[in-house]
Amino acid sequence: MKSKHEKVLSCVAAFLLIASAASTGVLAAQADFDQLREKYYADHPGKGKFGDLWEPIAIQKYWNPIDFYTPPDTIQGKFTRRQCVDCHLGMTPGWVHAWRDSAHGNLDGIRNLDPEDSRFYKKAELERIEAHLASRGVLQAGEQLDEVGCIDCHGGVGMDALEHHTELRMPDRAACGVCHLQQFAEAESEKEQTWPQGQWPQGHPSHAVDWKANVHTAVWAAMPQREVAQGCDMCHYQQNKCDGCHTRHSFSAAEARMPEACATCHNGVDHNEWENYMLSKHGVIYATTGKMNWDFEVPLKDAMTKGGYTAPTCVWCHAEFEGEFTHNLVRKVRWGFNPTPAIADNLRHPWFEERKDSWVRTCSNCHSARFARDWLDTADKGTIQGLEVEQEAKKIVQALYDEGLMVGQKDNRPAPPAPEADAPGAFFALFWAKDNNPSLVDRIHADMWEHDLIKHYKGLFHMNPGGFTYTEGWSELLKRYTEIQNENTRIREMDALRKEVEMLKSQR
Amino acid sequence: MKSKHEKVLSCVAAFLLIASAASTGVLAAQADFDQLREKYYADHPGKGKFGDLWEPIAIQKYWNPIDFYTPPDTIQGKFTRRQCVDCHLGMTPGWVHAWRDSAHGNLDGIRNLDPEDSRFYKKAELERIEAHLASRGVLQAGEQLDEVGCIDCHGGVGMDALEHHTELRMPDRAACGVCHLQQFAEAESEKEQTWPQGQWPQGHPSHAVDWKANVHTAVWAAMPQREVAQGCDMCHYQQNKCDGCHTRHSFSAAEARMPEACATCHNGVDHNEWENYMLSKHGVIYATTGKMNWDFEVPLKDAMTKGGYTAPTCVWCHAEFEGEFTHNLVRKVRWGFNPTPAIADNLRHPWFEERKDSWVRTCSNCHSARFARDWLDTADKGTIQGLEVEQEAKKIVQALYDEGLMVGQKDNRPAPPAPEADAPGAFFALFWAKDNNPSLVDRIHADMWEHDLIKHYKGLFHMNPGGFTYTEGWSELLKRYTEIQNENTRIREMDALRKEVEMLKSQR
Amino acid sequence: MKSKHEKVLSCVAAFLLIASAASTGVLAAQADFDQLREKYYADHPGKGKFGDLWEPIAIQKYWNPIDFYTPPDTIQGKFTRRQCVDCHLGMTPGWVHAWRDSAHGNLDGIRNLDPEDSRFYKKAELERIEAHLASRGVLQAGEQLDEVGCIDCHGGVGMDALEHHTELRMPDRAACGVCHLQQFAEAESEKEQTWPQGQWPQGHPSHAVDWKANVHTAVWAAMPQREVAQGCDMCHYQQNKCDGCHTRHSFSAAEARMPEACATCHNGVDHNEWENYMLSKHGVIYATTGKMNWDFEVPLKDAMTKGGYTAPTCVWCHAEFEGEFTHNLVRKVRWGFNPTPAIADNLRHPWFEERKDSWVRTCSNCHSARFARDWLDTADKGTIQGLEVEQEAKKIVQALYDEGLMVGQKDNRPAPPAPEADAPGAFFALFWAKDNNPSLVDRIHADMWEHDLIKHYKGLFHMNPGGFTYTEGWSELLKRYTEIQNENTRIREMDALRKEVEMLKSQR
């Protein structure tokens, strides 16, 4: 499997080799991490191309600390590692307790694990981290870390004391990556994804560029309601931080292995993976059997053999690629959150076929390859059937717009705020409205392609029957189609009648 | 209770006697099982009456293996019982691990259970199965089963080796029934249900005829989108297989006793039992207390005494009938998934009254009989109140159709594909659409009777207050009624105005 | 913290002092309880001001036993404490088993708890209760309670026998309060809340006046469908009974500490706290880590230190006030379930500012005060942004109504039944409809202010990003706004055209 692994990675930038090397036990050199970190910041868009149009509000310093965070000026002075804990135990006890019970707060607990313990693998991980820190001069050769305390993440690994009002920082991906180098490299490797026909820009869709996707969304930058807009950031910050999956201050690996960990972002109208998983038989087995009996402390590679898993979880399928499990979750992405003709028309391209083959191998862990392929074929075709309904509706909406027949279009359709531009059935219709922009059919069509079609395909690929037949998906797509057809006919009948009355008036 | 039991069953065909006999310890003879199996296949509709109109797609061989399954031709050769396991442990490890940890993979574990173990009842069940298999010549008298391995279900019980490309089969109900005779007989007995005023055909609604219901649904057969249509099969296959509730390859009884086991099929727009249960106080107690503390390994009859249940689960109520628990889940069905005048007008008929009495006895396990009856009366009346709203809307929609006033009806309403036929507010409106068929009011009315009214009644009977007041049910029914009234008025106003303009034109 | 506590409570009636006193170990005198009970009944509205317009149906005796409950006449005779249990063990075994396993059925179990047991605090609670009962003459000084049996709650504490057909009662808050005096006093203290600008009447919104809110709702009293209307009672009965949170017959404190306990009432279209919590990171930590690992038997004050909580639950935040945890859950209420200009325009008032400060202190248990305040500011502003959309829609709907342009308004808009009165976009539109009342825009606007705006604000304050950006909240508000704008334009275009045709007709 090594050769395939290497082949797939052939186009990946140098830093990925770190991950590969680390996985074979060779330690990454200091230069590798520095290069990875440098690239991380170089790739980061900051406020992005529309940055002149909006100002960050106070809460956004927590979603993008790289650009917006400054320490509070309410606490002055230099505090030691021990003082951090002592003072915050009184001030903010919840996070201190969470940390104390975590691996970070119990490194000796990790070192003393019994080989039979499902967390035993963390012992070797800790030794790799310590060797890496020694290579960077943070530790002496052979020196052990005492703990990972507040100051190590919020100041710098190994610091003794910190000027609270000047040196305090909110940890970003690179801060975690100082110790968790391999995971950082894996997660960053999501950026290497390129699409064969340019369906998405490089790296999209992935966690590694989700902040970029956020700030480069025109309506997000355009919205005057910054307090609503920042709600998007609350998921689109994985590019900035690691605590979206490993919630502070436990930073638990087991937590991120459980399906609920994905739920905050992967639910709802525009990508309801959570609901689909939980209503699929996979989710049912998790709910009935897994939640109480599976061991989520075992690493994913041992989930079925040692962890007792009898069904997959979110990350089991999505972190897996050709038998390996990494923090790159997009190596098998095909429909990419948005079924479009540009994807549907190219599914025979090797890029798509090879990823489908990889999925067949994933599913074959528990299903016959024939079943897996039959299902994936079914899901592809079912997705295309939904796409056809949406595309037919799109034509109707476009025609109304082109003919100037949208309700209120002639005299009551203001342009959306910059950098948005008017268009029928556009994405902005979901987040901005004024007078008759959007009109009803604009909005319905936007719901169709951004919500119903996506739910349809997500229901199919997650094997939730109600998710693509009637509760969500197909039946909802038809409802929107019906609404658009009905509105179209009535708009045109009204237009015709108005013209007849005009004719009568002119003939008086 | 014996005499009542016998009385209720008086109309049930001979095979049910097997179940009754088995429950008193008498072994079913070989002839009984053969008769039961013969009837099972004789009853099975195969492709059904619309079978000429559609061809099965590849995935459907798994939903209805009886008619569509053929072994893969990629694997040639004859393999032994042991080879199945060895090879699949490498090829498809997930299912092998699940099986190994299951009762099927650990028959000795069952035999050695401590009498205090909540699964101890399985020991006697295993002995009954072995005696039954001995009576069929599969085992020698007194011989024990070593295991229930791949080959026993996918070939035949007791086979030594199997020609993979010719003999491999996907197990159907009868395959499970070879060993689980009583459960098979109980499940099949759902077919015996007949309605006093012909509200449903015999056996409907039940798991035992759900495939028949599927293939005899006109729009299902009519839909050109077979990949979407097969989504219906994903629930409507209980007639074919047993793994809808006891998911392969654990085939756990405990799993099927947990509410989530029902969720994949019993959720969503057309019958949201899952949501209603979980939001009722029954579900809340399950979620807060039951999930971690109740023992789902105990048989249902001991759930409250030995299992610690302090609230009912889905199957506890629905498998129960007059104090007995069986795999026939429809013996207390009254409103049958679809409140109609044909049911509402006959609730005083003894058939309905007796079933209500049975419900009162069910609820009386934890509630006073007075409370139970008061609630069931409330739920009946509340359901009828919802029905009245739907029926009033139906008249409006029918009148528009009869008068040719539906939007687009005169020139843009194509007939649905065969075997469907056009009608106002029809079921097909939920799954097929083209041009102005359905019109908006068709679709809204279809949503009303197929979704909102059913959710209203399900909310009432599952005691979820939001399920029949505002979140689902009543308030949604009123919203649809409001939409239909609004559309009706505007359509008629437009029609009147158009006629006035025509008049003016004719008077020029 | 004592002085602040006292200051906040300065306006609270005498009975609250009982709670305060009890919490410092001083026993409440008999007179205090009698006064508290007397006030409880004096405050209770019974059938309320619209009582002449409706008659209770049978099931309502269970929702409001104070006014409607009478013992069943099917059971005659006097039964002893022991006979209650013996007979009901056969008749209604479920509730007897639940009780037997509860604290009520195992007082010795409480007395013998190990000091390390998380329930150990109940031992002192039991001693307080016994001392209180002794002060009331129910027990001898130093006498212990043997049990809390059926008869103690359904007859009176310490009764030996009960006339079933005359003396049986359904326990109300006061019945529980005989023993649980402090909790009763705390819960009743919710009534003391007054709003600085009269946004709500005294005590609203709170559990302590929820039955009053119910019967004083005009459309509730007006609805002819009493079986649907009583569904509102199923949540709005906390004023009457305690088993809404501590479900009978376990009456578990641990149950009420778990988030699911709140779900039956706090879900759905009009206040979806449950969904928002579960999809927030708070809920995710509960689901992944808390459900299996936290100890819900510890009292809330020890949740993080001894119970292992790493995130808050519903009651942890809402029962907390300035570091104390009580049964008064509304001491930090600010937006009060319904964002209106009357609240939005007064947020700088000290009443609102002080409550916000209290929230900052709550959140500071796990977050920095700066983060907490930044978030609360964001949520306030985001709520106001949603309110602005709703208010703009309201003006459009009001104008249509004032101009008589609502669809069907001139000849097909019947008045709602008394005591309701017609108004545009009114609350009654959600529960009553006839002909063109409500019209579509009425209903849409009612959905906006009663559902979408509330979900928007609940999503913000519970930190569920999808709950106030796209799945619920903002995007839905814009959809309703789009619908209203579209309908408004078309109604006015139709009206203009009709006038032109009238003109043409008059000119013939």
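### Concerning the overall build of chain A
Thought 1: Helices and strands together make up the secondary structure of chain A, namely 26 helices and four strands.
Thought 2: Taking 2.2 N^0.38 as the reference for a compact globule, 508 residues should give roughly 23 Å; the C-alpha atoms of chain A span a radius of gyration of 26 Å, in line with that estimate.
Thought 3: When each of the 508 residues of chain A is scored for burial, the buried share is 52%.

### Observations concerning helix α22 (residues 350-363) of chain A
Residues and elements named next belong to chain A.
Thought 1: Taking 1.5 Å of rise per residue, the 14 residues of α22 would be expected to cover 20 Å, and the 20 Å separating its terminal C-alpha atoms lies within 8% of that figure.
Thought 2: Residues of α22 that are buried: Trp359, Thr362 and Cys363. The buried residues of α22 occupy one face: seen down the axis, they fall within an arc of 90°. Away from its buried face, by an angle of more than 90 degrees, α22 presents the exposed residues Pro350 and Glu353.

### Considering the relation of the copies chain B and chain A
Thought 1: The two copies are related by a screw operation: chain B maps onto chain A through 120° of rotation and 0.0 Å of translation along the axis, at an RMSD of 0.0 Å. Accordingly, the operation relating the two chain copies is best matched by a three-fold axis.
Thought 2: Mapped onto chain A, only 6% of the interface residues of chain B are again interface residues, and the two copies thus contact each other with different surfaces.

### Focus on the relation of the copies chain C and chain B
Thought 1: Each copy superposes on the other: chain C lies on chain B with an RMSD of 0.0 Å after a rotation of 120° and an axial shift of 0.0 Å.
Thought 2: Mapped onto chain B, only 6% of the interface residues of chain C are again interface residues, and the two copies thus contact each other with different surfaces.

### Here we look at the packing of helix α23 (residues 369-402) of chain C against helix α24 (residues 440-461) of chain C
Residue and element names in this part refer to chain C.
Thought 1: Viewed as axis vectors pointing N to C, α23 and α24 meet at an angle of 175°, and their least axial separation amounts to 9 Å. When the interaxial angle is binned, α23 and α24 end up roughly antiparallel. Within the contact between the two elements, α23 uses Ala379, Gly382, Thr383, Gly386, Leu387, Glu390, Ala393, Lys394, Val397 and Leu400 and α24 uses Val441, Asp442, His445, Met448, Trp449, Leu453, His456, Tyr457, Leu460 and Phe461.
Thought 2: Classifying every residue of the contact of α23 with α24 by side-chain character gives twelve nonpolar, five polar and three charged.

### Regarding the interface of chain C and chain B
Thought 1: Chain C puts 52 residues into the contact, and the matching count from chain B is 48 residues.
Thought 2: Secondary-structure elements contributing two or more residues to the side of chain C that touches chain B are α7 (93-100), α16 (226-233), α24 and α26 (474-506) of chain C.
Thought 3: Tallying contributions element by element places α26(C) first for the side of chain C that touches chain B, with six residues.
Thought 4: In the side of chain C that touches chain B, the residues fall into 27 nonpolar, 16 polar and nine charged.

### Looking at unusual backbone geometry
Thought 1: Residue B:Pro419 follows B:Ala418 across a cis peptide bond; omega there is 5°.
Thought 2: The residue B:Pro419 is located in the loop between α23 (369-402) and α24 (440-461) in this model.
Thought 3: Following C:His204, the chain continues to C:Pro205 via a peptide bond in cis, the omega torsion being -20°.
Thought 4: A positive phi angle, near 70°, is found at C:Phe337, a position not held by glycine.
Thought 5: Structurally, the position occupied by C:Phe337 is in the loop between β4 (324-325) and α21 (341-344).
Thought 6: The exposure class of C:Phe337 is partly exposed, given the 15 C-beta atoms found within 10 Å.

### Quick word on helix α19 (residues 281-293) of chain B
Within an α-helix, residues lying three or four positions from one another point in the same direction, as the helix has 3.6 residues per turn.
Thought 1: With 13 residues, α19(B) should cover 18 Å at 1.5 Å per step; its first-to-last C-alpha distance of 17 Å lies within 8% of that length.
Thought 2: Among the 13 residues that make up α19(B), ten are buried, leaving the element largely enclosed by the rest of the structure.
Thought 3: Turning to α19(B), its buried residues are B:His282, B:Gly283, B:Val284, B:Ile285, B:Tyr286, B:Ala287, B:Thr288, B:Thr289, B:Gly290 and B:Lys291.
Thought 4: For α19(B), the elements touching its buried residues are α18 (273-279) of chain B together with α17 (253-257) of chain C.

### What about the confidence of the model for chain A?
Residue and element names in this part refer to chain A.
Thought 1: Averaged over every residue, the pLDDT of chain A is 94; the share at 70 or more is 94%.
Thought 2: pLDDT under 50 marks residues 1-28. Its contacts with residues more than four places away, or in other chains, come to 42 contacts.
Thought 3: This prediction of the complex comes with two scores: 0.95 for pTM and 0.94 for ipTM.

### Quick look at the interface of chain B and chain A
Thought 1: Each side of the interface is counted separately: chain B has 52 residues, and chain A has 48 residues.
Thought 2: Elements that contribute at least two residues to the side of chain B that touches chain A include exactly α7 (93-100), α16 (226-233), α24 and α26 (474-506) of chain B.
Thought 3: When residues of the side of chain B that touches chain A are assigned to their parent elements, the largest contribution, six residues, is made by α26(B).
Thought 4: Partitioned by chemical class, the residues of the side of chain B that touches chain A number 27 nonpolar, 16 polar and nine charged.

### Considerations on the environment of B:Ser280
Thought 1: Position of B:Ser280 among the secondary structure elements: in the loop between α18 and α19.
Thought 2: Since 24 C-beta atoms lie within 10 Å of it, B:Ser280 is described here as buried.
Thought 3: As a C-alpha pair, B:Ser280 and B:Arg257 span 23 residues in sequence and 18 Å in three-dimensional space.
Thought 4: Among all residues touching B:Ser280, those that are not within four sequence positions of it are B:His462, B:Met463, B:Asn464 and C:Thr264.

### Topic: the packing of helix α6 (residues 81-91) of chain B against α7(B)
Residue and element names in this part refer to chain B.
Thought 1: At their nearest, the axes of α6 and α7 sit 6 Å apart, and the two run at 125° to each other. Considered as vectors, α6 and α7 are oriented oblique to each other. Where α6 approaches α7, its residues Val85, His88 and Leu89 are matched on the opposing element by Pro93, Trp95 and Val96.

### Some thoughts on the environment of B:Gln76
Residue and element names in this part refer to chain B.
Thought 1: Mapped onto the elements of the fold, Gln76 is located in the loop between α5 (65-68) and β1 (78-80).
Thought 2: Classification of Gln76 by C-beta neighbours within 10 Å gives exposed; the count is 10.
Thought 3: Those residues in contact with Gln76 that sit more than four places away from it in its chain are His164 and His165.

Calculation criteria
Residues numbered from 1 in each chain as written. Chains lettered and ligands numbered in written order. Predicted model: local features only at pLDDT ≥ 70, side-chain atom pairs only at ≥ 80, totals over all residues. Helix = DSSP H or I, 4+ residues; strand = E, 2+ residues; numbered from the N terminus. Rg over C-alpha atoms; globule rule 2.2 N^0.38 Å. Buried ≥ 20, exposed ≤ 12 C-beta atoms within 10 Å, placed from the backbone. Expected span 1.5 Å × (residues − 1). Arc of directions from axis to C-beta. Least-squares fit on C-alpha atoms with pLDDT ≥ 70 in both. Contact = placed C-beta atoms within 7 Å. Axes fitted to C-alpha atoms, helices over the stretch in contact; angles between N-to-C directions. Parallel < 35°, antiparallel > 145°, perpendicular 65-115°, else oblique. Nonpolar A, V, L, I, M, F, W, Y, C, P; charged D, E, K, R; others polar. pLDDT = per-residue confidence, 0-100.

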